[in-house]
Amino acid sequence: MIKMPLPDREVLARRLEIVAALRKIVPGEGVIEAEHERRAFECDGLTAYRQLPMVVVLPQTTAQIVEILRYCFVNKVKVVPRGAGTSLSGGALPLEDAVLLGLGKFKRILDIDIANRCVVVQPGVTNLGITHAVQTHGLYYAPDPSSQIACTIGGNVAENSGGVHCLKYGLTTNNVIGVEMVTMEGEVLRLGGKHFDASGYDLLGVMVGSEGLLGVVTEVTVRVLPTPPGARALMIGFDSVEGAGDCVAAVIAGGIVPGGMEIMDRLAVEAAEAFVHAGYPLDAEALLIVELDGCEAEVDHLVACVEAIAARHGATSCRASQSEAQRLLFWAGRKAAFPAVGRLSPDYYCMDGTIPRKKIGDVLRRMKQMEAQYGLRVANVFHAGDGNLHPLILYDANKPGELERAEEFGNDILRLCVEVGGVLTGEHGVGVEKRDLMTAMFDEIDLNQQQRLKCAFDESSLLNPGKVFPQLCRCAELGRMHVKAGQTRFPDLPRF
């Protein structure tokens with residue numbers, strides 16, 4: 001008989017106690033305990049880091065979430081909320097001593113209010129599912145991440161997701177008008193609603209983009225917009241990525257706000273064209289896709305204006321869509337760019353930083369120099385209109401040291417973004433990926449102020465611990481709003 005060390009026996013006993021308590025709250029198949037079943041939840045879209053959760057619980061009602069969080073609060077059990085797991089920053093990375101709270105069963109559309117142009121959904125409804133629910137009424141949900149077929153609205157709220165059309169129509173925060181949430185103590189709160197704006201502090205703005213650190217969202221009210229009467233896309237080739245970037249700045253400076261503006265470099269174009277066959281110009285060093293929408297006369301005028309601006313900035317080719325099917329085909333390659341790049345390399349590391357538009361050319365030039373420094377290639381695919389870069393660093397995890405080189409390369413790219421006046425993230429969030437880079441953008445006073453807000457909602461730091469903040473800071477015993485800076489760093493992340 002194998003004797004288990006006392007600490008391990010205590011850990012096992014505590015785990016069994018937690019599992020038994022969760023089974024009372026969520027009966028049947030709602031609690032996942034077996035190791036091989038927990039494997040499905042060991043990582044999110046940032047697959048370089050993996051960790052088995054202690055246990056997974058899949059509630060079906062808000063009342064069950066209330067009970068789960070109350071139990072965990074009283075018994076000091078950590079909780080990691082999870083949506084569809086498409087996060088690219090490790091925002092849903094499990095912890096070995098935490099309950100993984102999955103919201104996959106919250107997938108109902110609760111109300112479609114055409115008169116008020118809003119839809120009330122549970123957090124497990126997919127982004128694209130909202131548009132499908134209202135498109136027969138001539139409406140759609142504007143934020144459209146590339147993963148919109150799979151990513152859920154709850155995750156979009158957590159990360160403040162954007163997408164191709166966020167330049168003109170805004171990010172998630174500009175399109176969510178209400179949420180129902182449960183605090184760590186099990187209190188149900190409603191922020192906002194169907195009305196356009198709420199009085200008092202903007203707590204709704206605080207929740208959108210909070211990365212699961214403040215509460216668990218159980219219901220979301222979004223605004224939906226009328227589908228534009230017309231839209232055309234321009235596919236413009238350039239002999240340099242910098243030229244495409246300069247054209248983007250010139251279009252915006254000319255007073256034109258396209259529905260979307262995206263850039264792909266030669267590497268990404270080649271991969272996407274082989275994957276989708278959208279008719280991309282393979283001789284171009286960069287491809288700029290610009291979409292103009294509105295009434296037919298306005299769209300035709302704007303297409304002519306952008307064509308003229310592109311010509312002045314050295315465009316080598318320019319092609320406008322002549323049908324709705326062709327417009328969608330132009331975008332199909334961009335939407336499929338991330339999986340298409342999988343043809344080029346066994347692995348890639350997807351970054352997310354945002355810079356001023358006028359700095360696009362300079363930053364891309366310096367990234368090219370870094371490629372030689374690190375000996376790794378980069379495929380660039382990004383939301384050019386709002387300066388949201390998505391460099392895909394190609395590497396092979398089977399080669400010793402390449403993942404570490406890719407990570408350091410990515411860190412240098414993000415430091416560069418901050419250096420030129422940008423920020424660490426545009427839509428992927430901080431998670432664990434950018435956690436230790438927060439000090440490149442914020443000083444200790446900034447970080448402590450942010451953590452005061454965290455303490456106001458979760459004084460025991462039980463919700464999604466280890467994410468966003470580079471240091472463990474604890475709420476002092478004298479008052480929930482006071483934070484004492486700690487010196488203990490989080491442990492190294494578990495790599496695959």
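Rules behind the numbers
- Residues numbered from 1 in each chain as written.
- Predicted model: local features only at pLDDT ≥ 70, side-chain atom pairs only at ≥ 80, totals over all residues.
- Heavy atoms only, no water.
- Axes fitted to C-alpha atoms, helices over the stretch in contact; angles between N-to-C directions.
- Helix = DSSP H or I, 4+ residues; strand = E, 2+ residues; numbered from the N terminus.
- Parallel < 35°, antiparallel > 145°, perpendicular 65-115°, else oblique.
- Left-handed = near helix turned anticlockwise from the far one by under 90°.
- Contact = heavy atoms within 4.5 Å.
- Nonpolar A, V, L, I, M, F, W, Y, C, P; charged D, E, K, R; others polar.
- Buried < 20%, exposed > 50% of the residue type's maximum accessible area, 1.4 Å probe, protein only.
- Pairing = 2+ DSSP bridges.
- Salt bridge = Lys/Arg side-chain N within 4 Å of Asp/Glu carboxyl O.
- Expected span 1.5 Å × (residues − 1).
- Arc of directions from axis to C-beta.
- Core = buried A, V, L, I, M, F, W, Y, C linked by side-chain atoms within 4.5 Å.
- pLDDT = per-residue confidence, 0-100.

J.: Explain the packing of helix α8 (residues 241-253) against helix α13 (residues 360-374) to me, using residue names and the numbers behind them.
T.: For the pair α8 and α13, interaxial distance at closest approach is 8 Å and the crossing angle is 160 degrees. Judged by the inter-axis angle, α8 sits roughly antiparallel to α13. Considering only the axes of α8 and α13, their crossing is right-handed. Contacts between α8 and α13 involve Val 241, Glu 242 and Gly 245 from the first element and Ile 360, Gly 361, Leu 364 and Arg 365 from the second. Its residues assigned to classes, the contact of α8 with α13 shows 3 nonpolar, 2 polar and 2 charged.

J.: Any details on the pairing of strand β13 (residues 260-265)? Residues and values, ideally.
T.: The buried fraction of β13 is high, at 6 of 6 residues. The two faces of β13 match: Gly 260, Glu 262 and Met 264 on one face and Met 261, Ile 263 and Asp 265 on the other face are all buried. As judged from the 6 bridges shared by β13 and strand β14 (residues 286-294), these two strands associate in the antiparallel manner. When the bridges of β14 are listed, Met 264 appears paired with Leu 287. As paired elements, β13 and strand β18 (residues 378-383) share 3 bridges and run antiparallel to each other. Across the sheet, residue Glu 262 finds its bridge partner in β18, namely His 383.

J.: Outline unusual backbone geometry, supporting the account with residue identities and numerical values.
T.: Its identity as a non-glycine residue notwithstanding, His 277 has a phi of 60 degrees, on the positive side. Note on placement: His 277 falls in the loop between α9 (266-276) and β14. Residue His 277 is classed as exposed on the basis of its relative accessible area of 56%. Although it is not a glycine, Ser 461 adopts a positive phi angle of roughly 55 degrees. Tracing the chain through its elements places Ser 461 in the loop between α16 (444-457) and β21 (474-475). The partly exposed category is assigned to Ser 461, whose relative accessible area is 26%.

J.: Can you break down the pattern of salt bridges residue by residue, with the values?
T.: All chains considered together, the criterion is met by 27 salt bridges. Where Arg 334 meets Glu 262, a salt bridge forms, and the shortest distance between an N and an O atom there is 2.6 Å. With Arg 334 in helix α11 (residues 324-335) and Glu 262 in strand β13, this residue pair connects regions lying 72 residues apart in the sequence. For the residue pair Arg 334 and Glu 262, the accessibility class agrees, reading buried in each case. Ionic contacts of the salt-bridge type, sharing partners, join the residues Glu 35, Arg 39, Glu 42 and Arg 50 into one network.

J.: Break down α13 for me, with residues and values.
T.: An ideal rise of 1.5 Å per residue puts 21 Å on 15 residues; α13 measures up with 21 Å between its terminal C-alpha atoms. Residues of α13 that are buried: Ile 360, Gly 361, Val 363, Leu 364, Met 367, Met 370, Glu 371 and Tyr 374. Looking at the buried positions of α13, the neighbouring elements they touch are α8, β18, β19 (388-389), β20 (391-395) and α14 (402-419). Note on α13: the residue one or two positions beyond its end, Gly 375, has a positive phi of about 70 degrees.

J.: How would you summarise helix α10 (residues 296-312) if you had to cite specific residues and measurements?
T.: Between its first and last C-alpha, α10 extends 25 Å over 17 residues, near the 24 Å set by a 1.5 Å rise per residue. Among all positions in α10, only Val 299, Leu 302, Val 303, Val 306, Ile 309 and Ala 310 are buried. For α10, the buried positions fall inside an angular range of 130 degrees around the axis, keeping them on one side. Along α10, exposed side chains directed more than 90 degrees from the buried face belong to Ala 297, His 301, Ala 311 and Arg 312. Residues of α10 that are buried make contact with β12 (230-238), α8, β14 and β15 (317-320). One or two positions beyond α10, positive phi appears at Gly 314, with a value near 80 degrees.

J.: Residue-level account of the pairing of strand β4 (residues 98-102), with values.
T.: Counting buried positions along β4 gives 5 out of 5 residues, so the element sits mostly inside the fold. The side-chain alternation of β4 yields two buried faces, one formed by Ala 98, Leu 100 and Gly 102 and the other by Val 99 and Leu 101. Relative to β4, strand β3 (residues 78-82) is paired through 5 bridges, and the arrangement is parallel. Across the sheet, the residue bridging to Lys 78 is Ala 98, located in β4.

J.: Now, about the nonpolar core: what can you tell me, with residues and values included?
T.: The nonpolar side chains of a soluble globular protein tend to be buried, and buried together. Membership of the largest hydrophobic core comes to 85 residues, with the highest contact counts inside it found for Val 176, Val 220, Leu 292 and Ile 393. The element that contributes the greatest number of residues to this core is α14, accounting for 8 residues. In this structure Ile 393 touches Asp 347, Tyr 348, Tyr 349, Met 351, Leu 376, Arg 377, Val 378, Ala 406, Phe 409, Gly 410 and Ile 413, once residues within four positions along its chain are discounted.

J.: Would you mind going over the sheet that holds β3 in detail, with residue names and values included?
T.: Taken in spatial order, the 4 strands make up an open sheet running β1-β2-β4-β3, and their pairing is mixed. If you trace the sheet from one side to the other, it starts and ends with β1 (31-32) and β3, each paired once. Of the pairings in the sheet, the one linking β1 to strand β2 (residues 55-57) comprises 2 bridges and is antiparallel in character. Paired with Ile 32 across the bridge in β2 is Val 56. Packed onto the sheet, helix α3 (residues 62-74) meets β2, β3 and β4 and runs at close to 170 degrees relative to β4.

J.: Tell me about the confidence of the model for the chain, residues and numbers included.
T.: Confidence in the prediction of the chain, expressed as mean pLDDT, is 91, and 94% of residues score 70 or more. Ignoring residues within four places in sequence, the model shows residues 477-491, a span with pLDDT below 50, making 38 contacts including any to other chains.

J.: Explain the environment of Ser 321 to me, and be specific about the residues and the numbers.
T.: Locating Ser 321 in the fold gives a position in the loop between β15 and α11. In this structure, the C-alpha to C-alpha distance between Ser 321 and His 301, residues 20 residues apart in sequence, is 14 Å. With near-sequence residues (within four places) excluded, Ser 321 lies in contact with Arg 232, Ala 233, Gln 326, Arg 327 and Phe 330.

J.: A description of the sheet that holds strand β9 (residues 188-192) should follow, citing residues and the corresponding values.
T.: Taken together, the 5 strands give an open sheet; going across it, the order is β5-β6-β10-β8-β9, and neighbouring strands pair in antiparallel fashion. Edge positions in the open sheet fall to β5 (109-113) and β9, since each of these has one partner strand only. Across the sheet, the axes of successive neighbouring strands diverge by a mean angle of 10 degrees, strand direction being ignored. With 4 bridges connecting them, strand β6 (residues 118-121) and strand β10 (residues 216-223) associate as antiparallel partners. Residue pairing in the sheet places Val 119 in a bridge with Val 222 of β10. On the sheet, helix α4 (residues 127-134) packs against β5, β6 and β10 and is oriented at approximately 45 degrees with respect to β5.

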